[in-house]
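Coordinate analysis (summary)
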Amino acid sequence: MSTAPARNQVQAAPLNWWWAFAPFAAMSAVHVAARAVEADWLAASTKLTLMPLLAAAALWGLRGRWQNGPAALVLAALLFSWIGDGAAALLPRLPELPVMLGAFGLAHLCYIRLLWKYASVRGFPRWALVFPLWWAAMLLVLWPSLGSLAPAVALYGAVLGGTAATAARCSPLIAAGGVLFLGSDTILAFRIFMPESMPDITSALVMLTYCAGQGMIVAGFLRTFCRPGIRA
């Protein structure tokens, strides 16, 4: 009898935590729209609100379990993502691109640990072989334009692909989020290193796939982790 309330509470969690994603989804829509119409002042003012809003949604979904290891990994991934998003504003005296690569690299390491230990539901599917092929193809195409950043970009690409591959071991929602996150950074890489090949609208596409990818990874993790019988 004493365990029934806790069990019911866990079972009820997936029915009500989705609402906590509404502020993140709304702000993401505003930010992406601002990018699309080149309203730079609005895009800049909304960008640094995205990861805090997603972190708030994660905390709401993890209520009652926030003190455990998974919560720390989720929040660390979102914190490092926030630093990567705001590298120029938060650390103006440091070179922006290396800070972005470092911060997002740490975020991906947190996601890899989180998904591998707490959200995996199967082995690697065969289609996940596309990720090492993606990594090799990206380096082949971008290498002449990378200059001194080539080793850092290669390392970052490895952990980015690692997140997508680890996400492939999880639910379809998480797997899709991993693919979108990878797609976002792929487009961004071409915008940074081969800007002549990318139209202006791809700025909005970067943030659309980024916000969707991050949101789907976090939501998919919560959906898996909040199921009855899942322990921290």
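Placed above this text is the structure.
The paragraphs below set out a description of the structure included in this document. This structure is a prediction, so every number in the text was calculated from the model and none was measured.

Moving on, we come to the overall build of the protein chain. Along the backbone of the protein chain there are eleven helices and zero strands. A compact globule built from 232 residues should have a C-alpha radius of gyration of about 17 Å, and the protein chain, at 18 Å, falls within 12% of that. If you line up the protein chain on its principal axes, its C-alpha atoms span 65 × 40 × 30 Å. Per-residue burial for the protein chain yields a buried fraction of 47% across its 232 residues. Partitioning the intrachain contacts of the protein chain with sequence separation of at least 6 by distance along the chain shows that 76% fall at a separation of at least 24. Summed over all atoms, the accessible surface of the protein chain reaches about 11600 Å², with 70% contributed by carbon and sulfur. For the protein chain, the distance from the average position of its 15 positive side-chain charges to the average position of its 7 negative side-chain charges is 27 Å.

Our next topic: the packing of helix α4 (residues 50-61) against helix α5 (residues 69-85). One way to put it is that α4 packs onto α5 with a least axis distance of 9 Å and a crossing angle of 170°. The angle between α4 and α5 falls in the class roughly antiparallel. Every residue of α5 that contacts α4 at M51, P52, L54, A55, A58 and L59 is listed here: V74, L75, L78, S81, W82 and D85. Its residues placed into classes, the contact of α4 with α5 shows ten nonpolar, one polar and one charged.

Tracing the chain through its elements places D85 in helix α5. Despite being buried, D85 has no salt bridge partner; K47 is the closest side chain of opposite charge, sitting 4.9 Å away. A polar contact of 3.0 Å, which involves the side chain of D85, links it to the side chain of Y210. For D85, the contacting residues outside a window of four places in its chain are K47, L48, M51, F104 and Y210.

Before going further, it helps to spend a moment on the environment of L142. Tracing the backbone shows L142 in helix α8 (residues 130-146). The buried category is assigned to L142, whose relative accessible area is 3%. A sequence separation of 52 residues divides L142 from M194, and the C-alpha atoms of the two residues are 7.8 Å apart. Apart from the residues within four sequence positions on either side, L142 is in contact with A189, F190, F193 and M194.

What follows deals with unusual backbone geometry. A positive phi is found at E38, a non-glycine position, where the angle reads about 60°. Of note, E38 is situated in the loop between α2 (22-36) and α3 (40-47).

Taken together, L90, L91 and L94 make up a surface patch of nonpolar side chains, about 220 Å² in accessible area. Residue placement: L90 occurs in helix α6 (residues 87-90). Accessibility expressed as a relative area gives 32% for L90, which makes it partly exposed.

Aromatic ring pairs are described here by two measures, namely the spacing of the ring centres and the angle between the planes. In the structure shown here, the tally under the stated rule is seven aromatic pairs. Between Y118 and F225 the ring centres are 6.1 Å apart and the planes differ by 90°, which places this aromatic pair in the edge-to-face class. With Y118 in helix α7 (residues 96-118) and F225 in helix α11 (residues 202-225), the pair connects residues that are 107 residues apart, well separated along the chain. Comparing Y118 with F225 shows no difference in burial state: the two are buried. Ring geometry for F181 and Y210: centres 5.5 Å apart, planes at 80°, overall edge-to-face. One end of the pair, F181, is in helix α10 (residues 172-193); the other, Y210, is in helix α11, with 29 residues separating them in the sequence.

What counts and what doesn't
- The written sequence of each chain sets the order in which its residues are numbered from 1.
- The predicted nature of this model means local features are confined to residues of pLDDT at least 70 and side-chain atom pairs, given and counted, to a pLDDT of 80 or more, with totals for whole chains, interfaces and linings taken over all residues.
- Computation of side-chain values covers all heavy atoms of the structure but excludes hydrogens and water.
- The numbering of helices and of strands both runs from the N terminus, where a helix is a DSSP run of H or I of at least 4 residues and a strand a run of E of at least 2.
- We compute the radius of gyration over the C-alpha atoms and compare it with the globule rule, which gives 2.2 Å times the number of residues raised to the power 0.38.
- Burial classes follow relative accessibility: with a 1.4 Å probe on protein chains only, a residue under 20% of its type's maximum area counts as buried, one over 50% as exposed, and anything between as partly exposed.
- Contacts between residues were defined by any pair of non-hydrogen atoms, one from each residue, lying within 4.5 Å.
- Shrake-Rupley sampling with a 1.4 Å probe provides the accessible areas, and residues are treated as covered by the protein chains on show and by no other component.
- Charged residues are defined here as Lys and Arg on the positive side and Asp and Glu on the negative side; His and the ends of the chain fall outside this count.
- Think of each charge as sitting on NZ of Lys, CZ of Arg, CG of Asp or CD of Glu.
- Between the N-to-C directions of two axes lies an angle of 0 to 180 degrees, each axis being a line fitted to C-alpha atoms and, for a helix, fitted only over the stretch in contact.
- Comment on the angle field: the value is read as roughly parallel under 35 degrees, roughly antiparallel over 145, roughly perpendicular from 65 to 115, and oblique elsewhere.
- When residues are sorted by character, Ala, Val, Leu, Ile, Met, Phe, Trp, Tyr, Cys and Pro go into the nonpolar class, Asp, Glu, Lys and Arg into the charged class, and all the rest, Gly among them, into the polar class.
- For this analysis, a salt bridge means a side-chain nitrogen from Lys or Arg found within 4 Å of a carboxyl oxygen belonging to Asp or Glu.
- Nitrogen and oxygen atoms within 3.5 Å of one another constitute a polar contact, given that in protein one can donate a hydrogen and the other can accept it, and given that sequence-neighbouring residues count only through two side-chain atoms.
- To count toward a patch, a residue needs a relative accessible area over 30% and no salt bridge; like charges are then connected within 9 Å, while nonpolar side chains (Val, Leu, Ile, Met, Phe, Trp, Tyr) are connected within 5 Å.
- Working definition: rings of Phe, Tyr and Trp (its six-membered ring) pair if their centres are within 6.5 Å, and the pair is stacked with planes under 30 degrees apart, edge-to-face with planes over 60 apart, and tilted otherwise.

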